[in-house]
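# Tertiary structure, described
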Amino acid sequence: HCQSYTSIPEGDILIHSGDFTNQGIRQGADEVTPFLEWFSTLNHPLKIIVCGNHELGLDRLEVEELRRRLLCDAESNKKREQAGKKDRWVMLL
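What counts, and at which threshold
- Residues numbered from 1 in each chain as written.
- Predicted model: local features only at pLDDT ≥ 70, side-chain atom pairs only at ≥ 80, totals over all residues.
- Heavy atoms only, no water.
- Helix = DSSP H or I, 4+ residues; strand = E, 2+ residues; numbered from the N terminus.
- Buried < 20%, exposed > 50% of the residue type's maximum accessible area, 1.4 Å probe, protein only.
- Lys, Arg positive; Asp, Glu negative; His and termini not counted.
- Salt bridge = Lys/Arg side-chain N within 4 Å of Asp/Glu carboxyl O.
- Polar contact = N/O pair within 3.5 Å; in protein donor to acceptor, adjacent residues only side chain to side chain.
- Core = buried A, V, L, I, M, F, W, Y, C linked by side-chain atoms within 4.5 Å.
- Contact = heavy atoms within 4.5 Å.
- Pairing = 2+ DSSP bridges.
- Axes fitted to C-alpha atoms, helices over the stretch in contact; angles between N-to-C directions.

## Observations regarding the side chain of Arg-80
Looking at the secondary structure, you find Arg-80 in helix 3 (residues 74-82). Within the buried set, Arg-80 has no salt-bridge partner at all; the shortest N-O distance to an opposite charge, 4.1 Å, is to Asp-87. Of the polar contacts made by the side chain of Arg-80, one reaches the side chain of Asn-77; its length is 2.6 Å.

The structure is reproduced here in structure tokens:
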């Protein structure tokens, strides 16, 4: 919960399987943004995010809003591509 790791092996696919926050976006806490900032520094071409039971508040969002919030929507992927980044992000429900 709320940890970033300094030793992530290189690879083609990176799957983060939940609990990237402790309280999600509940009660004014926003632990999602620091996670996304860290996640974006990793060089894997395909990044998959799976929300866990600690991502509180995210379950109340509509699917498209959740994708947008987690930077897994088409517009965010297009912006990364335009910026010369080669990674694509996907969210699994």
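## Observations concerning the nonpolar core
Phe-20, Phe-35, Phe-39, Ile-49 and Leu-70 are the most contacted members of the largest nonpolar core, which has 15 residues in total. For this core, the secondary structure elements donating two or more residues are helix 1 (32-39) and strand 3 (88-92). Ranked by residue count, the leading element in this core is helix 1, at 5 residues. With near-sequence residues (within four places) excluded, Phe-35 lies in contact with His-16, Phe-20 and Ile-49.

## Observations regarding the sheet that holds strand 1 (residues 13-16)
On the basis of which strands lie adjacent, the open sheet formed by 3 strands has the order 1-2-3 and parallel pairing. Since the sheet does not close on itself, it has two edges, and those belong to strand 1 and strand 3, each with one partner. Between one strand axis and the next, the sheet turns through 20° on average, direction left out of account. Note that strand 2 (residues 46-50) and strand 3 share 5 bridges and pair parallel. By the bridge assignment for strand 3, Leu-46 is matched with Arg-88. Contacting strand 1, strand 2 and strand 3, helix 1 runs over the sheet at an angle of about 160° to strand 2.

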